Amino acid sequence: MTTKQITGEDLLKRFEGNPIIVIEDVPFRANTVFNGTPIVTEDGIYLLLRVEGQQGFSVFALARSKDGLKFTIDKEPVMMPAKEGPFARYESLGIEDPRATFIDGVCYIMYTAVGPRGGSRIALAKTSDYANYERIALVSEPGNKDGVLFPRKINGLYARLDRPIGRETGSIWISYSPDLLNWGKSEVVMTPRYGFWDEYRIGASVPPIETEEGWLEIYHGVKMTSSGPIYRVGIVLLDLDDPSKVIRRGSSPILSPRAKYERVGDVPNVCFACGAVVDKDENIKVYYGAADTSICVASSTMKEILSDQI
Amino acid sequence: MFRRKEEGRDIVHRWEGNPLIRMGDLGFRCADIRSAGAAYYNGKTVLLITVQHLSGHQSIHLAHVDEKGRFFVEKAPFIGPNGDSRNDNPHESEGDMDARITYMDGKYYIMYMACGDHGFRIGLASTVDFVNLEYHGLISEPDTKGGALFSEKFNGRYARLERPKSGNSIWISYSDDLVYWGGNEVILSPRRGFWDSARIGTGAPPIKLHNCWLIIYYGVKSTSSGPLFRLGAAMFDLKDPTKLIGRANIPILSPREDYERIGDQNNIVFCTGASVQNENELQIFYNAAESCVCVGSTTIHEIIDTCVYSKEEF
């Protein structure tokens, strides 16, 4: 894909055709589209998109492409907040920020369920055809979000990164599970860094990518300013056998809001990744929501990312 | 031990000799006393009281009763700072508090709140003799407290009450092994306009009665001079503890006495231990104004009546 330099020296290079999906591409009436997670299928790269409806509640839509750049969106949303059953009371205010992970060939989606009682919780669903989603369970306590599943078991247990609030601070934690239903052994992995670009709040963004050196986690970091938050994209390497251990953490963001579509929108100054695709040549495409108003993509190579600051 | 002293229209009647344990009874310096979990061991009451030390750290101390009904509080913490080396753990750097004891399968399980650098969490320990303690680790996500184990399993699974900060409600969750927990459901929330409108949280561990699980909880109303902590009661289905059967519209105990109104934090009655005595008496150990441990009692009959029929009261 052709990339273009805007300003600054971001490690991730923006695709020239950004934004790749805007609200006009959505075939039903809605407010905005942002935060989509890529799913590599036999038919091409799909994106499960968060679409915010006009009432303010989010749903998921499916965008299909051959090349991961030019997408067509299905006519109807593929997943709506549950109206009945055990999920209804916990996601009546919307479903948000899906993240896809394949484990043993099964496509799992971790997403944020938003309800009136206790705010957000992490929920888990799975799909085999990407158009129909089967809910598995609500898997966190309330006040937790940004759940990303590791693509394989670690020491015999499933693992996820998540973002609970402890002491009024949003940090990245890890939890483990024998069965994807019951979770425990929660531990803090890393916290915001005073004075840095990620000093206010951090959270997991892209499901962890396994490399020889460790798990690459592409996360989001927030700095608070007098005119609101700035969301940037950062990187960290976690130990392969004990991912609660940080091996190296990038000192600088790899993507910061600079382009107009990242600076202008419902929530200005936001780059928020929800997934990435690594191809056989070790090129990486990171899909991100820009200003909570559109979907964009930026790219680099695994070699460059791993040798940059971490 | 209990002579009733009618005070206002509270459902729970205070013991005439309250407070049961004052700071001056401790035999060592401290900043305040915060709660008392209760159990019966060898036919006697055993309390696990939370002491805040002058340094600001908290730990859980064992209190034994003597023949005259006086409590002796051990100086060495049972759980918490100086109790053992776990103080190095950043998840418990500020100490441990609010022990809730559940007797199950020959063991006393103690759920407590561990306060650390990254928030507060539920910790689990167990003992068979109140001398040796086995730690089972921290079992919740951060900023969740109010852990209280049910004394029976449901469909083969352990169950606990918990109070995540987000939403200020009481939740339940389940586990096969006391390590990995799931199936979290909200079971009781604050009620707009009521005495428990701002937030609610776990009180005593669930009490099994012939027709329900009785939950004693605390409810908070926000006033211009701070929170007002009272105790409430609710009944849940014996087979499905997510199913609410009855909830008292009125508190069962409100701060009224000086020892409940005056202390490090004013206007607090807060309960982490209760038990049924002589079949029909419910004994409640409670902390008053974060400064002393008190005890009160009522009848099962009275409290069930309150849960079922208090809708007409004002």
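One can find the structure itself at the top, above this paragraph.
What this report covers is the structure whose coordinates are included nearby. Note that this is a predicted model, so its numbers are computed, not measured. (Residues numbered from 1 in each chain as written. Chains lettered and ligands numbered in written order. Predicted model: local features only at pLDDT ≥ 70, side-chain atom pairs only at ≥ 80, totals over all residues.)

### Concerning the overall build of chain B
And step 1. Broken down by element type, chain B carries two helices and 23 strands.
And step 2. Relative to the compact-globule value of 20 Å for 314 residues, chain B shows a C-alpha radius of gyration of 18 Å, a close match.
And step 3. Seen through its C-alpha atoms, chain B measures out along the principal axes to roughly 55 × 45 × 45 Å.
And step 4. Each of the 314 residues in chain B was classed as buried or not, and the buried ones make up 50%.
And step 5. A separation of at least 24 residues holds for 47% of the contacts in chain B among residues at least 6 apart in sequence. (Helix = DSSP H or I, 4+ residues; strand = E, 2+ residues; numbered from the N terminus. Rg over C-alpha atoms; globule rule 2.2 N^0.38 Å. Buried ≥ 20, exposed ≤ 12 C-beta atoms within 10 Å, placed from the backbone. Contact = placed C-beta atoms within 7 Å.)

### Quick notes on the interface of chain B and chain A
And step 1. Chain B puts 22 residues into the contact, and the matching count from chain A is 26 residues.
And step 2. Ranked by residues supplied to the side of chain B that touches chain A, first place goes to strand E15 (residues 181-188) of chain B with four residues.
And step 3. Split by residue class, the side of chain B that touches chain A holds seven nonpolar, eleven polar and four charged. (Nonpolar A, V, L, I, M, F, W, Y, C, P; charged D, E, K, R; others polar.)

### Quick notes on the pairing of strand E16 (residues 184-190) of chain A
For a regular strand, side chains alternate in direction, first toward one face of the sheet and then toward the other.
All names here are of chain A.
And step 1. Counting buried residues along E16, five of its seven residues qualify, which places the element largely inside the surrounding structure.
And step 2. Of the strand pairs in this sheet, strand E15 (residues 172-177) and E16 are connected by four bridges, and their pairing is antiparallel. Looking at the pairing, Trp-173 lines up with Val-188 of E16.
And step 3. Between the antiparallel neighbours E15 and E16 lie six residues, among them Leu-180 with a positive phi of about 70 degrees. (Pairing = 2+ DSSP bridges.)

### Points about unusual backbone geometry
And step 1. The omega angle of the peptide bond from A:Asn18 to A:Pro19 is -15 degrees, so this bond is cis rather than trans.
And step 2. If you trace the backbone, A:Pro19 turns up in the loop between strand E2 (13-15) and strand E3 (32-41).
And step 3. Residues B:Asn18 and B:Pro19 are joined by a peptide bond in cis, for which omega reads -10 degrees.
And step 4. Within the secondary structure layout, B:Pro19 lies in the loop between strand E2 (13-15) and strand E3 (21-22).
And step 5. One non-glycine residue, A:Leu180, lies in the positive phi region at around 70 degrees.
And step 6. Secondary-structure assignment places A:Leu180 in the loop between E15 and E16.
And step 7. For A:Leu180, a count of 17 C-beta atoms within 10 Å corresponds to the partly exposed category.
And step 8. Phi at A:Ala291 is positive, roughly 50 degrees, even though this residue is not glycine.

Just distances and angles here, no functional claims.
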